[in-house]
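Below are the chains, spelled out letter by letter.
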Amino acid sequence: TESVDAVTLFDVIEHLANPNVILREISRVLKPGGKALIVTPSWQFGGSSDAVYHGFEYTMEELVRQVGATPGLTVVHTGQITGVYRDLVIVALKG
């Protein structure tokens, strides 16, 4: 509890059956002022880019809403990686 400075999820959240459980755990283990960096493929083409392995693909608005709804986490930065990999990037701060 409150023992970690930073947590990273690179191409993980889209594979989780219940990402809210993991987001609450991230909030629990982060120290006050700690940061979570979440990177995930952007939803595109009206469907999943990997329907076999991705449980859900996010728009930026959906990702911000889900992370921001997690008690203790506040989204402080958003971005997007463009090109071949069209990933969404979120930085959340433990308040």
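Quick caveat, the model's predicted, so the values are computed rather than measured.

**Here we look at the overall build of the protein chain**
- The helix and strand inventory of the protein chain stands at two helices and four strands.
- In sequence order, the protein chain lays out its α and β elements as β-α-β-α-β-β.
- Taken over the C-alpha trace, the protein chain has a radius of gyration of 13 Å; the compact-globule value for 95 residues is 12 Å, and the two agree within 12%.
- With the C-alpha coordinates aligned to their principal axes, the bounding extent of the protein chain is approximately 40 × 25 × 20 Å.
- Here the protein chain holds 95 residues, and 36% of them are scored as buried.
- A separation threshold of at least 6 residues defines the contact pool for the protein chain, and within that pool the share at least 24 residues apart is 63%.
- Split by element, the accessible area of the protein chain, about 5500 Å² in all, is 58% carbon and sulfur.

**Notes on the pattern of salt bridges**
- Scanning the entire structure with this criterion turns up three salt bridges.
- Residues aspartate 5 and lysine 31 are paired through a salt bridge, measuring 3.4 Å at the closest nitrogen-oxygen approach. Of this pair, aspartate 5 sits in strand E1 (residues 4–10) while lysine 31 is found in strand E2 (residues 30–41), placing the two residues 26 residues apart along the sequence.
- One salt bridge in this structure joins arginine 28 and glutamate 25, with 2.6 Å as the shortest N-O distance. Here the residue arginine 28 and the residue glutamate 25 both occupy positions in helix H1 (residues 19–29), the gap between them amounting to three residues, near one helical turn.
- Judged by relative accessible area, which is 37%, arginine 28 ranks as partly exposed.
- Judged by its relative accessible area of 37%, glutamate 25 falls in the partly exposed class.

**Notes on H1**
- Listed as buried for H1 are Pro19, Leu23, Ile26, Ser27 and Val29.
- Looking at the buried residues of H1, the elements they touch are E1, E2, helix H2 (60–68), strand E3 (73–81) and strand E4 (87–94).

**Thoughts on the nonpolar core**
- With 17 residues, the main nonpolar core has Ile26, Ile38, Leu63 and Val67 as its most contacted residues.
- Contributions of two or more residues to this core are made by E1, H1, E2, H2 and E4.
- The contact partners of valine 67, leaving out residues within four places of it in the chain, are Leu23, Ile38, Leu73, Val75, Ile90 and Ala92.

Criteria and cut-off values
- Residues numbered from 1 in each chain as written.
- Predicted model: local features only at pLDDT ≥ 70, side-chain atom pairs only at ≥ 80, totals over all residues.
- Heavy atoms only, no water.
- Helix = DSSP H or I, 4+ residues; strand = E, 2+ residues; numbered from the N terminus.
- Rg over C-alpha atoms; globule rule 2.2 N^0.38 Å.
- Buried < 20%, exposed > 50% of the residue type's maximum accessible area, 1.4 Å probe, protein only.
- Contact = heavy atoms within 4.5 Å.
- Areas by Shrake-Rupley, 256 points an atom, 1.4 Å probe, with all protein chains shown as cover.
- Salt bridge = Lys/Arg side-chain N within 4 Å of Asp/Glu carboxyl O.
- Core = buried A, V, L, I, M, F, W, Y, C linked by side-chain atoms within 4.5 Å.

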